[in-house]
Amino acid sequence: QKLPVTVLSRVLQFHLKRLSAALIGERMRHILTAEAVEFEPAALPLLARAADGSMRDGLSLLDQVLVFGGGRVSEPDVRGMLGTIDRGHVARILGLLAAGDAPGVLEQVAALDEQAPDYDDVLVELAALLQRLALQQAVPGAGADDVWDEGTVAELATQLHPEDVQLFYQMALNG
């Protein structure tokens, strides 16, 4: 937009769109399988989301985690490299909320706090799980993914009322 029209008329422009995390993750899976590299399926969505729509960035992150993980791609290595939290904390917090265990929620938050997480990332993980729960409640079994354990999703979907899921989701978004 800052280039003069005379320059723009003489250049070829490419307007690239962002790729979906699912597409980036699937391409990573293809590459790792073709190269016979050991990987955990749960690690790929984390890398794909961190790529933020850029295949180049995703492949760069994949290279970094291969070095970081000694030639294999594991979820703990990806989380350690990216500085993200263990999803189990978020699932346990929701389970405790469903049970109405306020002291338990505070204990779980204190345990999470010991890792000194980026709380924006915690809210993103919480919102993603709540979105997955809402989908499970609306259409059971739909949208299975490598990110969340299906047993955990099914259990939480039955424990939480749909109205509570929506309320918590709005709170996570506004947080």
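Residues numbered from 1 in each chain as written. Predicted model: local features only at pLDDT ≥ 70, side-chain atom pairs only at ≥ 80, totals over all residues. Heavy atoms only, no water.

Draft legend 1. Fine view of the overall build of the protein chain. Check the secondary structure of the protein chain and you find ten helices and zero strands. In the protein chain, the succession of α and β elements from N to C terminus is α-α-α-α-α-α-α-α-α-α. The principal-axis extent of the C-alpha atoms belonging to the protein chain is close to 65 × 40 × 35 Å. Taking all 175 residues of the protein chain together, the buried fraction comes to 31%. Taking the intrachain contacts of the protein chain between residues at least 6 apart in sequence as the baseline, contacts between residues at least 24 apart amount to 58%. Carbon and sulfur atoms form 58% of the exposed surface of the protein chain, whose accessible area is close to 10600 Å². When the 13 basic and 25 acidic side-chain charges of the protein chain are each reduced to a single mean position, those positions are 13 Å apart. (Helix = DSSP H or I, 4+ residues; strand = E, 2+ residues; numbered from the N terminus. Buried < 20%, exposed > 50% of the residue type's maximum accessible area, 1.4 Å probe, protein only. Contact = heavy atoms within 4.5 Å. Areas by Shrake-Rupley, 256 points an atom, 1.4 Å probe, with all protein chains shown as cover. Lys, Arg positive; Asp, Glu negative; His and termini not counted. Charge placed at Lys NZ, Arg CZ, Asp CG, Glu CD.)

Draft legend 2. Structural view of the pattern of salt bridges. Using the criterion set out here, one finds seven salt bridges in the structure. Among the ionic pairs, Arg49 bridges to Glu125, the shortest N-O distance being 3.4 Å. Taken together, the residues Arg49 in helix α3 (residues 43-50) and Glu125 in helix α8 (residues 119-138) connect sequence positions 76 residues apart. One salt bridge connects Asp57 with Arg56, and the closest N-O pair in it is separated by 3.2 Å. The exposure class of Asp57 is partly exposed, given its relative accessible area of 32%. Classification of Arg56 as exposed rests on a relative accessible area of 64%. Because the salt bridges share partners, they merge into one network encompassing Glu38, Glu40 and Arg72. (Salt bridge = Lys/Arg side-chain N within 4 Å of Asp/Glu carboxyl O.)

Draft legend 3. Spotlight on the environment of Ala91. Position of Ala91 relative to the elements: it lies in helix α6 (residues 87-99). With near-sequence residues (within four places) excluded, Ala91 lies in contact with Leu129, Thr152 and Leu156.

Draft legend 4. The arrangement of the packing of helix α4 (residues 55-68) against helix α5 (residues 75-82) in detail. Contact pair α4 / α5: the axes reach a minimum separation of 10 Å and the direction vectors enclose 110°. Considered as vectors, α4 and α5 are oriented roughly perpendicular to each other. α4 and α5 meet at a crossing whose hand is right-handed. Every residue of α5 that contacts α4 at Leu61, Gln64, Val65 and Phe68 is listed here: Asp77, Val78, Gly80, Met81 and Leu82. For the contact of α4 with α5, a count of residues per class yields six nonpolar, two polar and one charged. (Axes fitted to C-alpha atoms, helices over the stretch in contact; angles between N-to-C directions. Parallel < 35°, antiparallel > 145°, perpendicular 65-115°, else oblique. Left-handed = near helix turned anticlockwise from the far one by under 90°. Nonpolar A, V, L, I, M, F, W, Y, C, P; charged D, E, K, R; others polar.)

Draft legend 5. Expanded view of the side chain of Gln136. Following the sequence through the fold, Gln136 ends up in helix α8. Other than its neighbours up to four places away in sequence, Gln136 contacts Gly141, Glu150, Val153, Ala154 and Ala157.

Draft legend 6. The environment of Leu156, seen in detail. For Leu156, the position within the fold is in helix α9 (residues 150-159). Classification of Leu156 by relative accessible area gives buried; the value is 4%. Separated by 140 residues in the primary sequence, Leu156 and Leu16 place their C-alpha atoms 39 Å from one another. Those residues in contact with Leu156 that lie beyond four places of it in its chain are Ala91, Leu94, Gly95, Leu129 and Leu133.

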